[in-house]
Amino acid sequence: MSRCMRRTAKVLAVLALVALAALGVALGFLHSPWFRYPANHEFPAPRINELIWPTIGCPAMLMPGDVLEVEVDLGEGKDATGEGAVDWKATLVPARAELSSIRYYLSLIGARPGSSRHWPYRGAEGDREGIWLVNFRVPEEAVPELYDLRVEVEADGLALSDEQPHAVAVVEDDDQNFTFVTLSDVHVHERDNSALFSKQTDHGISDSGEPLFFHRAIEQVNLIRPDFVLILGDLIRGQRRPGDLASEYERFYRALLGLEVPVFLLPGNHDQYVNGIDGARWFEENLGPLYYSFDVGGCHFTCLDSYQWPQEDRVVMNKLFFMEPRRWQGQVVDAPEGEGYSAPGAQLAWAEKDLAAHEGSTSRVVAMHHDPFTPEGEGFSYINVDYWGIYRAGGGGKGREELLDLFSRRRVQHVFGGHLHMDAVGSLPWRDGDGETLYTCQTCVYFDQGGWSGHYPGYRLVKVEDGEIASFSYLDGIASLPFYDGSLPGAAVDLELLERPSLWKEKREGSGDGAGEEVVVGSYLASRMELRGLVLEAEASPSGRYEVEGAEVLRAVPMPGKAGRALLYLKVRMEAGIPGEAGDRPGVPALRIIRTE
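Thresholds, definitions, all that
- Residues numbered from 1 in each chain as written.
- Predicted model: local features only at pLDDT ≥ 70, side-chain atom pairs only at ≥ 80, totals over all residues.
- Heavy atoms only, no water.
- Salt bridge = Lys/Arg side-chain N within 4 Å of Asp/Glu carboxyl O.
- Helix = DSSP H or I, 4+ residues; strand = E, 2+ residues; numbered from the N terminus.
- Pairing = 2+ DSSP bridges.
- Axes fitted to C-alpha atoms, helices over the stretch in contact; angles between N-to-C directions.
- Phe/Tyr/Trp six-rings, centres within 6.5 Å; stacked < 30°, edge-to-face > 60°.
- Buried < 20%, exposed > 50% of the residue type's maximum accessible area, 1.4 Å probe, protein only.
- Lys NZ or Arg CZ within 6 Å of the ring centre and 35° of its normal.
- pLDDT = per-residue confidence, 0-100.
- Contact = heavy atoms within 4.5 Å.
- Parallel < 35°, antiparallel > 145°, perpendicular 65-115°, else oblique.
- Nonpolar A, V, L, I, M, F, W, Y, C, P; charged D, E, K, R; others polar.

1. Regarding the pattern of salt bridges
Within the structure shown, the criterion is met by 39 salt bridges. With a shortest N-O distance of 2.3 Å, Glu-163 and Arg-150 are connected by a salt bridge. One end of the pair, Glu-163, is in strand S8 (residues 158-170); the other, Arg-150, is in strand S7 (residues 146-155), with 13 residues separating them in the sequence. Residues joined by salt bridges that share partners form a network here, namely Glu-172, Glu-530, Arg-532, Glu-552, Arg-555, Lys-571 and Arg-573.

Right under this line is the structure:
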């Protein structure tokens, strides 16, 4: 080799080392503690105070005549000693506007101090002071509906009261046949949310900043009226400008009140960023616990917090148009790191105990934001791409292998996740070889970056039959159901052109005095749908029998303040429509006309 070539090789080697060093410095700068968004710790007043369960994000589901055990945290100094707490009262008010003048006063059965059954890390054994478990009987005449709950008590001479909206759902039955909807990555965000390395479309956001896309999604979920909704995290975005997290949370909360069915909420990474305020704390003070479990019809649901990073990793930074925290991928640990964040207990140990205690359930279902399997066992939600061995941005979280092993050992049937904004399905066998765990990741609710995309806004409609999940996808066994016509599984779609809801209703006015109502219901979905969320007003029938054209009457409820009128809860069976091939090429909807007398 000539001297010239050797010199050239040395120069190139030096340049490569300098480039790698510069890259390392740049990546280190981007993820260093400098130039953070400020955290002023001026939290808005919490919505969860004395009444800590049920809440809007962790509700109670029970039948008329059942016992409702509410949890009340009266604070220090108000425990079982001395006079304690006396004269407990509870009231249910229907969330539906037409029934809001109804009041159900629950009869008190008993009250005792104890540990929370729904906050695994609150009021644990040996730390019971102030928490009361109070049992009330739900009236037999309570209408199957969603309710706001109010609790009152006289404690140590002080009259206290607290309430939670949409906290109690009175249901028709508790059998093992039910449906639920899973939503993920709602990402309520303000307008003008794009940055150089973080594009976001304003499609679906009103001029005033309202999340119209979320409102439209809620309208379709209400029309389906599943037994409950499970939202798998990333309720907001919270990383564009200082203070966005708090304002977006408020918009999300207001929109959430439009749901007419109970909703169980899980936190994602965006929900727990620190931007002005600590999102993890806001979640707990306004929505409910970060992890918990519940049962429906013999099925057990374990809901996990998959973003257990210390606070310094969750602080949003603004550097060179690069706006995000140091970590955004998943992590589940035995004991959380950082001060004042999340649970003081061990989540993995709790999940082990929770699943072990419910091995007799018909099905065990886990819900979490960061799915540890997808795609194809790689677990990208925890690992992320490595930058040439210099830096691994956003990932490297602990707990992925432990979760996979736990679900295999404890015979978990299904794990629902999001985060990756994509539909995917995979499976791993149980350790005993007697079955497998199915892992499903799903698309987002919002329009993401806009433009051409391989995914579309959607949801999963999960049907449970005899306690087992019978279906959860649209057409191909993998895809989510689309919220908009022009969305086809496996096809690229221009998100900016999506406007027509896949499910919709149009109300028409009746004619003449005392006339009934007429509603047109349409579906662009290429599958049959059963809708249970249509509620119409009609003239009350003295015989209690109603004939409605185009629908089956599920029940009739006399309308308070309107003598001789009743609300009819209807079931509508829709044939399959013909979906459009794109947003600007409409399909042919299946239509059903519903008329009341």
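Now that the structure has been shown, we can carry on.
2. Some words on the sheet that holds strand S18 (residues 363-367)
Ordered in space as S14-S15-S18-S21-S23-S22, the 6 strands form an open sheet in which the pairing is mixed. Looking at strand neighbours, the two that pair on one side only are strand S14 (292-296) and strand S22 (424-429), the edges of this open sheet. When the angles between neighbouring strand axes are averaged without regard to direction, this sheet yields 20°. Pairing between S14 and strand S15 (residues 299-303): 5 bridges, direction antiparallel. From the neighbouring strand, Val-296 faces S15, where its bridge partner is Cys-299.

3. Points about the packing of aromatic side chains
The way to describe two aromatic rings as a pair is by their centre distance and the angle between their planes. Going through the model one piece at a time under the given rule, you end up with 24 aromatic pairs. An angle of 50° between the planes, with centres 6.2 Å apart, marks the rings of Phe-213 and Tyr-446 as tilted. Taken together, the positions of Phe-213 in helix H2 (residues 212-224) and Tyr-446 in the loop between strand S23 (436-441) and strand S24 (452-453) put the pair 233 residues apart, joining distant regions of the chain. Measuring from ring centre to ring centre gives 3.9 Å for Tyr-249 and Trp-282, while their planes differ by 10°; the resulting arrangement is stacked. Placement of the pair is Tyr-249 in helix H3 (residues 244-256) and Trp-282 in helix H4 (residues 279-286), with a sequence separation of 33 residues. The exposure classification of Tyr-249 matches that of Trp-282, with both residues buried. Each residue in the set Phe-178, Phe-180, Phe-228, Phe-264, Tyr-292, Phe-294, Phe-301 and Phe-416 is aromatic and connected to the rest through ring pairs, giving one cluster. Sitting above the plane of the Tyr-253 ring, Arg-47 keeps its charged end 3.9 Å from the centroid.

4. Notes on the confidence of the model for the chain
In this model, the chain carries an average pLDDT of 90, and 91% of its residues clear a pLDDT of 70 or more. Every residue in residues 337-344 is under pLDDT 50, and counting partners more than four places away or in other chains gives 19 contacts.

5. Concerning the side chain of Ser-381
Positionally, Ser-381 belongs in helix H7 (residues 380-383). With sequence-adjacent residues up to four places away left out, Ser-381 is seen in contact with Gln-329, Gly-330, His-370, Asp-371, Thr-374, Gly-418, His-419 and Leu-420.

6. Quick notes on the packing of helix H6 (residues 347-356) against helix H8 (residues 400-409)
Two numbers describe how H6 lies on H8: the axes approach to 10 Å, and their chain directions differ by 10°. It follows from the interaxial angle that H6 and H8 lie roughly parallel. Each of Leu-348, Ala-351, Glu-352 and Leu-355 in H6 lies in contact with H8, whose residues at this interface are Glu-402, Leu-403, Leu-406, Phe-407 and Arg-409. Here the residues of the contact of H6 with H8 sort into 6 nonpolar, no polar and 3 charged.

7. Quick notes on the sheet that holds strand S29 (residues 503-508)
What the 3 strands build is an open sheet, ordered S29-S30-S34; its pairing is antiparallel. Two strands close off the open sheet at either side, each with one partner strand: S29 and strand S34 (590-595). Strand-to-strand, the axes of this sheet are offset by a mean angle of 20°, without reference to chain direction. Direction of pairing for S29 relative to strand S30 (residues 518-523): antiparallel, over a ladder of 6 bridges. Counterpart to Glu-506 in the pairing with S30 is Val-520. Strands in contact with H2 are S29 and S30; relative to S29, the strand with the most contacts, it is inclined by about 80°.

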